[in-house]
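# Observations on chain architecture
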Amino acid sequence: MELVVNNLSCARGGVPVLERVGFRLTAGQALMLRGPNGIGKTTLLRTLAGLQPALEGQISSPPESIAYAAHADGLKATLSVAENLLFWARIFDTNDITPALEGFDLVDLAGRQAQNLSAGQKRRLGLARLLVTGRPIWMLDEPTVSLDTASVALFGRAVAAHLKTGGAAVIATHIDLGFSAQSLDLTPFRAAPQKLNDFDEAFL
Ligand SMILES: Nc1ncnc2c1ncn2[C@@H]1O[C@H](COP(=O)(O)OP(=O)(O)OP(=O)(O)O)[C@@H](O)[C@H]1O
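Anyway, here's the lowdown on the structure attached to this text. (Residues numbered from 1 in each chain as written. Predicted model: local features only at pLDDT ≥ 70, side-chain atom pairs only at ≥ 80, totals over all residues.)

### Quick notes on the nonpolar core
- Ranked by internal contacts, the top residues of the largest apolar core, which has 54 residues, are Leu85, Ala128 and Met139.
- Aside from chain neighbours lying at most four places away, what touches alanine 128 is Leu85, Ala100, Gly103, Phe104 and Leu106. (Core = buried A, V, L, I, M, F, W, Y, C linked by C-beta atoms within 7 Å. Buried ≥ 20, exposed ≤ 12 C-beta atoms within 10 Å, placed from the backbone. Contact = placed C-beta atoms within 7 Å.)

The following block contains the structure:
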């Protein structure tokens, strides 16, 4: 497993956000994306995960090798915790949700509808889905939002275990997850402001 990103430029809403981002990640490594609000961490993760096209550059790993956990939990409200996990597990050709239930402390909540979970419990369920994908590269956007201290530690252990078994992770977060990781500050990669075209200038 190796993720090599070269000369990657990406846009949001048609506006270039980041230019010439590059890094290399091998099995067992995690990369923490840093930078101020609005710098483009979500945009970069979405591009790496294949949810939007890059303006230019290369990403060595195909989207099929990546599991992406976004800001939104994306849960099925009327399905139970176990049913939500099974729904996802079957997409990835497995019925085994036990490691996901156990790894994210969801065993006692297995029968509860997702809509009746607390915010932190919903977040744990959203993250537990990573374990049923079997995909080697995790892309995680602010994964610890709503998590209490114990759940952050639980999540940190889940990522550390994933790394130990040859996985990799790219994580946009402002907090320390308790394992060693590289970090990449995106500030130097901020795209230059676009030059106004003649039409815009005529109206200024
Ligand atoms: N749908 C959109 N249309 C146009 N611009 C957008 C859209 N969504 C986000 N942006 C802009 O793109 C830029 C990058 O946003 P992005 O969400 O990637 O930043 P971020 O680093 O993840 O921020 P945060 O730390 O606040 O989550 C920001 O300036 C933002 O305002």
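### Observations regarding the sheet that holds strand S4 (residues 56–59)
- Taken together, the three strands give an open sheet; going across it, the order is S2-S1-S4, and neighbouring strands pair in antiparallel fashion. Here the strands that pair on one side only, and so sit at the sheet edges, are strand S2 (15–26) and S4. Averaged over all adjacent pairs, the angle separating strand axes in this sheet is 20°, with direction ignored.
- Helix H1 (residues 41–48) rests against strand S1 (2–12), S2 and S4 of the sheet, and its axis sits at about 120° to S1. (Pairing = 2+ DSSP bridges. Helix = DSSP H or I, 4+ residues; strand = E, 2+ residues; numbered from the N terminus. Axes fitted to C-alpha atoms, helices over the stretch in contact; angles between N-to-C directions.)

### Comments concerning unusual backbone geometry
- Its identity as a non-glycine residue notwithstanding, asparagine 7 has a phi of 55°, on the positive side.
- Phi at serine 146 is positive, roughly 80°, even though this residue is not glycine.
- Its location among the elements puts serine 146 in the loop between strand S6 (137–141) and helix H6 (149–164).

### As for helix H4 (residues 119–128)
- Most of H4 is tucked away: seven of the ten residues are buried.
- Every buried residue of H4 is listed here: Gln121, Arg123, Arg124, Leu125, Gly126, Leu127 and Ala128.
- Buried residues in H4 make contact with strand S5 (66–69), helix H2 (81–91), helix H3 (98–103), helix H5 (130–133) and H6.

### Quick notes on the site of the ligand
- All residues in the neighbourhood of the ligand are listed as Arg12, Gly13, Val15, Val17, Gly35, Asn37, Gly38, Ile39, Gly40, Lys41, Thr42 and Thr43.
- Sorting the residues of the shell around the ligand by element identifies S2 and H1 as the ones contributing at least two each.
- Here the shell around the ligand takes three residues from H1, the largest share from any one element.
- Among the residues making up the shell around the ligand, the classes are represented as three nonpolar, seven polar and two charged. (Near = placed C-beta within 6 Å. Nonpolar A, V, L, I, M, F, W, Y, C, P; charged D, E, K, R; others polar.)

### Describing the sheet that holds strand S7 (residues 168–172)
- With parallel pairing, five strands are arranged side by side in an open sheet as S5-S6-S7-S3-S8. Strands with a single pairing partner mark the edges of an open sheet, and in this sheet they are S5 and strand S8 (182–185). In this sheet, adjacent strand axes meet at a mean angle of 15° when their direction is disregarded.
- Sheet topology places S6 next to S7; five bridges connect them, and they run parallel. Bridging from a neighbouring strand, methionine 139 pairs with valine 170 of S7.
- Against the sheet, H1 contacts strand S3 (30–34), S5, S6 and S7, and its axis sits at roughly 150° relative to S7.

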